[in-house]
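Spelled out, the chains give:
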Amino acid sequence: MDYGPYQVKKNIMDSRITLENFHRIWASILIKATDKYTTPPEVIHVSNSTISTLGNFSASTGKGKSKKTFNVCAIVASAITGRKVLNYEAHFPEGKRKILYFDTEQSSYHCHKVLERINRLAGYPAEEDLSLIEFVMLREYNPIDRRQIIELALAERPDVGLVIIDGLRDLLFDINSSIEAAEVIGLLMRWTSQYNLHIHTVLHLNKADDNVRGHIGTELNHKAETILQISRNEDDGKVSEVHATLIRDRDFPPFAFQINDEGLPELIEGFEFKRKNNRKAAFDYEIMAEDIHRMALEEAFKDATSPILYTPLLKRLSIGYASIGFERARNVMVNLLKFLVKNGIVVKQGKGYVFNRDFHYTPLPVK
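The structure presented is a predicted model; accordingly, all values stated were derived computationally and were not measured.

Trainee: Even after reading the chapter, I still don't get the packing of helix α5 (residues 143-155) against helix α6 (residues 178-194), so can you show me in this structure?
Mentor: Between two packed helices, what matters for the description is the angle formed by their axes and the separation of those axes. Interhelical geometry of α5 versus α6 gives an angle of 10° and a closest axis separation of 12 Å. The angle between α5 and α6 falls in the class roughly parallel. In this structure, α5 uses R147, I150, E151 and L154 to contact α6, whose residues at the interface are E180, E183, V184, L187, R190 and W191.

Trainee: It is not clear to me how a nonpolar patch on the surface should be interpreted in this structure. Could you clarify?
Mentor: A grouping of I17, L19, F22, W26, I29 and L30 is seen on the molecular surface, where their side chains present a nonpolar patch of about 620 Å² in accessible area. Relative to the helices and strands, W26 resides in helix α2 (residues 19-29). By relative accessible area, W26 is classed as partly exposed at 43%.

Trainee: Even after reading the chapter, I still don't get the environment of Q229, so can you show me in this structure?
Mentor: With respect to the secondary-structure elements, Q229 resides in strand β10 (residues 226-232). Sequence separation of Q229 and P254 is 25 residues, and the distance between their C-alpha atoms is 9.9 Å.

Trainee: Sorry, what's going on with the sheet that holds strand β14 (residues 308-309) here?
Mentor: Whether parallel or antiparallel, the strands of a sheet pair through hydrogen bonds between backbone atoms. The strand order across the open sheet built from three strands is β14-β16-β15, with neighbouring strands paired in antiparallel fashion. Every other strand in the sheet has two partners, leaving β14 and β15 (346-349) as the edge strands with one partner each. Bridging between β15 and strand β16 (residues 352-355) involves four bridges; their strand directions are antiparallel. Bridge pairing in β16 links Q349 to G352.

Trainee: Just checking my understanding: could you explain the pattern of salt bridges for this structure?
Mentor: On inspection of all chains with the given rule, the structure shows 13 salt bridges. Note that E219 is salt-bridged to K223, the shortest N-O span being 3.6 Å. Highlighted residues: E219 and K223, both in helix α7 (residues 214-223), separated by four residues, approximately one helical turn. Exposure remark for E219: the relative accessible area of 22% places this residue in the partly exposed category. For K223, a relative accessible area of 32% gives the class partly exposed.

Trainee: Could you clarify how one ought to interpret the pairing of strand β1 (residues 42-46) in this entry?
Mentor: Extensive coverage of β1 is indicated by the burial of four of its five residues. Sheet analysis places β1 next to strand β2 (residues 49-53), joined by four bridges and oriented antiparallel. Bridging across to β2, I44 finds its partner in S52. Following β1, the chain reverses through two residues before pairing antiparallel with β2; S47 in that reversal takes a positive phi of roughly 50°. Where β1 meets strand β5 (residues 88-90), three bridges bridge the pair, whose relative direction is antiparallel. Opposite I44, over in β5, you have A90 as the bridge partner.

Trainee: I keep staring at unusual backbone geometry and nothing clicks. Help me out?
Mentor: Most peptide bonds are trans, and most residues other than glycine sit at a negative phi. A positive phi angle, near 50°, is found at S47, a position not held by glycine. Considering the arrangement of structural elements, one finds S47 in the loop between β1 and β2. Unlike most non-glycine residues, L86 shows phi in positive territory, near 55°. Within the fold, L86 resides in the loop between β4 (84-85) and β5. By relative accessible area, L86 is classed as buried at 10%.

Trainee: Can you help me understand the packing of aromatic side chains in this one?
Mentor: Per the counting criterion, the structure on display carries nine aromatic pairs. A centroid spacing of 4.9 Å and a plane angle of 80° characterise the contact between F271 and F273, whose relative ring orientation is edge-to-face. Among the aromatic residues, those joined into a ring-pair cluster are Y88, F252 and F255. The aromatic ring of F70 is capped on one face by R117, whose charged end is 3.7 Å from the ring centroid.

What counts as what
Residues numbered from 1 in each chain as written. Predicted model: local features only at pLDDT ≥ 70, side-chain atom pairs only at ≥ 80, totals over all residues. Heavy atoms only, no water. Axes fitted to C-alpha atoms, helices over the stretch in contact; angles between N-to-C directions. Helix = DSSP H or I, 4+ residues; strand = E, 2+ residues; numbered from the N terminus. Parallel < 35°, antiparallel > 145°, perpendicular 65-115°, else oblique. Contact = heavy atoms within 4.5 Å. Patch = residues over 30% accessible without salt bridge, like charges linked within 9 Å, V, L, I, M, F, W, Y side chains within 5 Å. Areas by Shrake-Rupley, 256 points an atom, 1.4 Å probe, with all protein chains shown as cover. Salt bridge = Lys/Arg side-chain N within 4 Å of Asp/Glu carboxyl O. Buried < 20%, exposed > 50% of the residue type's maximum accessible area, 1.4 Å probe, protein only. Pairing = 2+ DSSP bridges. Phe/Tyr/Trp six-rings, centres within 6.5 Å; stacked < 30°, edge-to-face > 60°. Lys NZ or Arg CZ within 6 Å of the ring centre and 35° of its normal.

Here it is, written out as structure tokens:
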């Protein structure tokens, strides 16, 4: 059976919208002024910063041996108990507390070890089957079958609020295929919206730098709600650090953990980060998703009734981007404003500037 690029394109063509189902789809995607929407429930926090809401997806990234899966175990354990684990505090609404954990890489033995670790972090016996979590090994299946298994599982479980996909790369045949990357990210967006849940994925970083791998990494940077980076401390390889490299809410202070004698991740209280490691959230505005810019600019131009002069606008931009976790110096705001004007996002009128709320631009791909 052909599972190559041709098959991927064929799957897309086979699922195209037909005239018969167009009207049903149209009714579900049409937004009306009279519609009423509620704020999506905030379900996972770190230090009073929201990193996850229902209807969105996020990711843990890191290089090999950085303890990415240990970090995810802490998130899941907090979701099970509603208690703080490491620095994560998860609270899912009633009726959405079920967790599905899909592992695409490990054997059944090692998957079982991860499940035992989650149980112990949550305060339960290692070998007790908890009703709130189902752990699934997808290692032996091909990428298309993995996607279908996840889809069918979600369709049958309306009480699922959190989905873990440990190994997002394994939902694709070719990590450098832009077609497959767009298709998989499209699935994450549809699943989170259609089933009203949060998906947290795991993706490796390139060995040579801190960029997420392939086209799927680029798409993830553009669409994810939060991207966490887990990295080994340069001086002590037993210590793992957690930073937010992309976050729609305010940035949170980085924290560190180590594996204790019981084989569980344990927060290191008062850990001192070196200045060079105490990174701010990545702020490459040329690759930043359109909706991230929009959030910051709505804040920057809030209450503006006339064009804003240059110097006051720089101050407003600083406030606007700081509100989403990107507090930067004036010189950065100067270059940012040039970028915004060049792309028609902010428009010069006379001696001042106005926000073009109808703007659209395509972010540059991550190098």
